[in-house]
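Structural features, examined
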Amino acid sequence: MKKVLIVCGNGLGSSFIVEMNVKKILAELGKTAEVSHTDLTTARSEQADLILSAQDIADRLADHDAQIFGLNNLLDNARIKEILAEHL
């Protein structure tokens, strides 16, 4: 099963909200994936297939093995849906 990791600076508020949105979008798409959220420091050592984060965080994860998508707006569910539909 693919793993989607949502990353923010502290791994609390914004990443948790995006995690809930990602789970809802995956259900709409009829796709399954393991979805979790974390902070930037922990994300560096976690395995994932796809990472969603704010653009500034994505830039700091450039050396991660996952496909990384930096978002200009973490609440842009239309963009998140495009990414998930195309890459999962």
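Look up: the structure comes first, before these words.
Notes on the structure in this doc start here.

Rules behind the numbers
Position numbers for residues count from 1 along each chain, tracking the sequence in the order it is written. At least 70 in pLDDT is required for a residue's local features to be given in this predicted model, at least 80 for side-chain atom pairs to be given and counted, and no such filter applies to totals for whole chains, interfaces and linings, which use all residues. As a convention, hydrogens and water are excluded, and side-chain values are obtained from all of the structure's heavy atoms. Salt bridge, as applied in this entry: a Lys or Arg side-chain nitrogen positioned within 4 Å of an Asp or Glu carboxyl oxygen. Counting from the N terminus, the helices are DSSP H or I runs at least four residues long and the strands are E runs at least two residues long. Residue exposure (1.4 Å probe, protein chains only): buried if accessible area is under 20% of the type maximum, exposed if over 50%, otherwise partly exposed. Think of it this way: DSSP has to see at least two bridges between two strands before they count as a pair. Every axis corresponds to a line fitted to the C-alpha atoms, with the helix fit spanning only the stretch in contact, and the corresponding angles, defined between N-to-C directions, vary from 0 to 180 degrees.

What follows is about the pattern of salt bridges. Side-chain pairs of opposite charge can arise where the charged atoms are in close proximity. Using the criterion set out here, one finds 4 salt bridges in the structure. Salt-bridge contacts for Lys23 lead to Glu19; the nearest nitrogen and oxygen are separated by 3.0 Å. Of this pair, Lys23 and Glu19 both sit in helix α1 (residues 13-29), 4 residues apart, roughly one helical turn. Note on Lys23: relative accessible area 44%, which makes it partly exposed. Glu19 gets classed as buried once you look at its relative accessible area, which sits at 8%. Measuring nitrogen to oxygen at the nearest pair gives 3.1 Å for the salt bridge that ties Glu82 to Arg79. On the criterion of helical spacing, the pair formed by Glu82 and Arg79 is a turn pair, its members being 3 residues apart in helix α4 (residues 77-87).

This next bit is on the sheet that holds strand β3 (residues 50-54). A sheet is described by the order of its strands in space; here 4 strands give the open sequence β2-β1-β3-β4, paired in parallel fashion. Of all the strands in the sheet, just β2 (34-39) and β4 (67-71) have a single pairing partner and so form its edges. Across the sheet, the mean angle separating the axes of adjacent strands is 20° when strand polarity is ignored. Pairing analysis gives 5 bridges linking β3 to β4, with the strands arranged parallel.

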